[in-house]
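# Architecture and fold: a report
Residues per chain are reported as follows:
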Amino acid sequence: MRFSKPLWWSSLLAALLVALGAALPAQTAAAPTAVAAPPAPATAAIPPHAAPRPHELESHGKVRVDEFYWLKERDNPEVIAYLKAENDYLQQVMKPTEPLQEKLFKEIVDRVPQEDASPPYRRGSYWYYTRFTTGKEYAIVCRRKETLTAPEEVVIDQNELAAGHNYFSLRGPTMSSSGRLAAFAVDTVGRRFYTLRFKDLATGKLLPDTLPDTTGNVAWANDERTVFYTRQDRDTLRWDRVFRHVLGSDPATDSIAYREADETYSVFVYPTKSRHYLVIDSSQTLASEERILDADHPDGEWKVVEPRRRGHEYQLNHLGDRFYIRTNDGGPNFRLVSAPEATPGREHWQEVVPHRADVFLEGFELLKGYLVVAERQDGLVHLRVLPGDGSAPWAIDFGEPAYSADFDVNVDPESTVLRYGFESLVTPSSVFDYDLQTRQRKLLKQDKVAGYDPALYRSERLWATARDGVKVPVSLVWRADRRQPAGNPLLLYGYGSYGFSTDAGFDSARLSLLDRGFVFAIAHIRGGQELGRAWYEHGKLLEKKNTFTDFIDVGDQLVKLGWTSPDRLFARGGSAGGLLMGAVLTMRPDLFRGVVAQVPFVDVVTTMLDASIPLTTGEYDEWGNPNDPQYYDYMLSYSPYDNVAAKTYPNLLVTTGLADSQVQYWEPAKWVARLREKKTGDNLVLLHTNMEAGHGGVSGRFQRYHETALWSAFLLDLAGLKQ
């Protein structure tokens, strides 16, 4: 996507995590034989035609003509008719693949156990967990008091809340300090405006307090009467205000605890690990500022820890009598410092983990007598334990060449057991408890994948050389008995923006491609943060093209190394990864046989020039501000929509959502319309608009797999693998 919040938030939220049962199908598919890639599917269907209506856009004395600018008129019946016509056209073209789509959907869903539950974790007097039940699309959040054999209490049944809605998204629940009250937020449209509600778990009844148009972000004060929550600007969707609400009072009288005036910053509120403090984080791409409040005194004064300054990013947590602060003051890869809670400012910082040029400090977890840091080195996350008694630190061994690891739910500050998650390209998502005193780990849960035999699959990590000599890590997975001497069809995935690191995780739905002979690869390209902060810095702003050329160079080398052939190489990316797809098509339209671009950010210049569009002002430090001629010219040189030309493009499937708040639907719609006008050759250009969903697609546990089946069938059909 165009990313809306900093990536480290996940380590701060004490959310309920669900280890969803995955599953891999019974391995019955016959080994595919090597076949020549077929021509693009023939179809008698006539593509829709969007009428060109030239609209001039002038900047810096230069005029761009946008003939499909009118497609942004969301309420124009002609626009809706065009989007529906595109959906009808896609359905006609893909009709021969409908049996395959149905087969794919069934086998993907059949891998996922209908009955499933996450490992319970303790918070206060209760054990919390999330479970799924047969035939239901949404999770049920539950708890048991004191012991796991106590009667089950249902905290939130999402299925009840989702009834009657085509789309449903829940944020929370967030528990009050005693666990009696739960705050939760619901969006039934998909544009990420949430209505905040409260439930008394002692009575099972909803409180009358209803707070509309929130972000869903909420934090409780310790009096269990006061909550702080955030709201976004109605037009730009920037999280710009923190409100204070007292239960039982009129929400219209809620006071503003903090308003962020700088249009490049967004705000977020959260409790510290100790729950002694509440924190308001104001942050943007290059800077942050934290305000703290004693959680026992919600009427008190919010105090700034360290005043904002450009280039300084920091985040904090609290345990015992000290604050722990992750900061890039002293080095781009961050270091960890601590300070007394009475004087947390920079002049009192004491170093805990120093900055290192070859190790990126990604996050940290505070437990009784131990500090655990998540560090990224050579593209992989390592969890390193630092005992509080000063004895030698050690790292937890994961034992695989490419994987994903992170902290799981660790809410008890008195615990000496670390809960973490692990998965790889061949190992389903797993949750472990690691005893920091005995160094023994216990597998609490590994996602069940029906019919999956990990012995049939192989993974590998290699390094491709980019055109400027930089080594780019690549993770691959395939089914061993499907490898072909002449190369397999290969799907290359990439993202490469916002410093978001794409780790090598498991996906049970991916098995449908692997079992039919596909190799799957992840290009860990610049713009992410896999190799530290510099990896990100060299993939944004005036170096953004490194992201695109890295991906191209990885594709070329996978062909040269014999993993695939030029007519069997495919690509997929979404949101900012959709920009990657568009830019790669512009620069090397000959490289791929087919491309899937999901909710793609492709109209870069026009969007970044419009400060009223959601997320724009907060992303000037990611893409550049095109009001500056230097950035305008650079962005214009790669913006996919602006660079559509009369050339032969690969077969292309584009998806979007009418309610998308991150990448507006009209960007992919305009791109497809212009491609149709200018492209040469007979390759397909297909657009699917979900008329009832936003950036994340449809909601629900299983319904999202219909789109997976669609784009999988699109790729398999192009690869000549139609079984």
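The structure we're discussing is the one just above.
Residues numbered from 1 in each chain as written. Predicted model: local features only at pLDDT ≥ 70, side-chain atom pairs only at ≥ 80, totals over all residues. Heavy atoms only, no water.

Tallying each qualifying case throughout the model produces 27 aromatic pairs. A network of ring pairs unites the aromatic residues F398, Y403, Y420, F422 and F432 as a single cluster. Positioned above the aromatic ring of F193, the side-chain terminus of R234 is 4.1 Å from the ring centre. R326 extends its terminal NZ or CZ atom over the ring of F334, reaching a point 3.7 Å from the ring centre. (Phe/Tyr/Trp six-rings, centres within 6.5 Å; stacked < 30°, edge-to-face > 60°. Lys NZ or Arg CZ within 6 Å of the ring centre and 35° of its normal.)

Attention shifts here to the pairing of strand β2 (residues 62-66). Direction of pairing for strand β1 (residues 55-59) relative to β2: antiparallel, over a ladder of five bridges. Its bridge partner lying in β2, H55 is registered against D66. (Pairing = 2+ DSSP bridges. Helix = DSSP H or I, 4+ residues; strand = E, 2+ residues; numbered from the N terminus.)

It is worth spelling out the sheet that holds strand β31 (residues 430-435) at this point. Either a parallel or an antiparallel arrangement is found when strands of a sheet pair, and the pairing is made through backbone hydrogen bonds. An order of β29-β30-β31-β32 is seen for the four strands of this open sheet, with the pairing classed as antiparallel. Each having just a single partner strand, β29 (403-407) and β32 (440-446) make up the two edges of the open sheet. Taking the axes of each pair of neighbouring strands and ignoring which way they run, one obtains an average angle of 25° across the sheet. (Axes fitted to C-alpha atoms, helices over the stretch in contact; angles between N-to-C directions.)

Moving on, we come to unusual backbone geometry. Put simply, G172 and P173 share a cis peptide bond, and its omega is 5°. Along the polypeptide, P173 turns up in strand β8 (residues 169-175). With a phi angle near 50°, L541 is a residue other than glycine that sits in the positive phi range. With respect to the helices and strands, L541 occurs in the loop between α5 (533-537) and α6 (545-560).

This paragraph deals with the side chain of T230. Note on placement: T230 falls in strand β14 (residues 226-232). You can call T230 buried: its relative accessible area is 0%. A polar atom in the side chain of T230 sits 2.4 Å from the side chain of T215. Within the structure, T230 has its side chain in polar contact with the side chain of N217 (distance 3.2 Å). Excluding residues that lie within four positions of it along the chain, T230 makes contacts with T214, T215, N217, W239, R241, V242, V267, F268 and V269. (Buried < 20%, exposed > 50% of the residue type's maximum accessible area, 1.4 Å probe, protein only. Polar contact = N/O pair within 3.5 Å; in protein donor to acceptor, adjacent residues only side chain to side chain. Contact = heavy atoms within 4.5 Å.)

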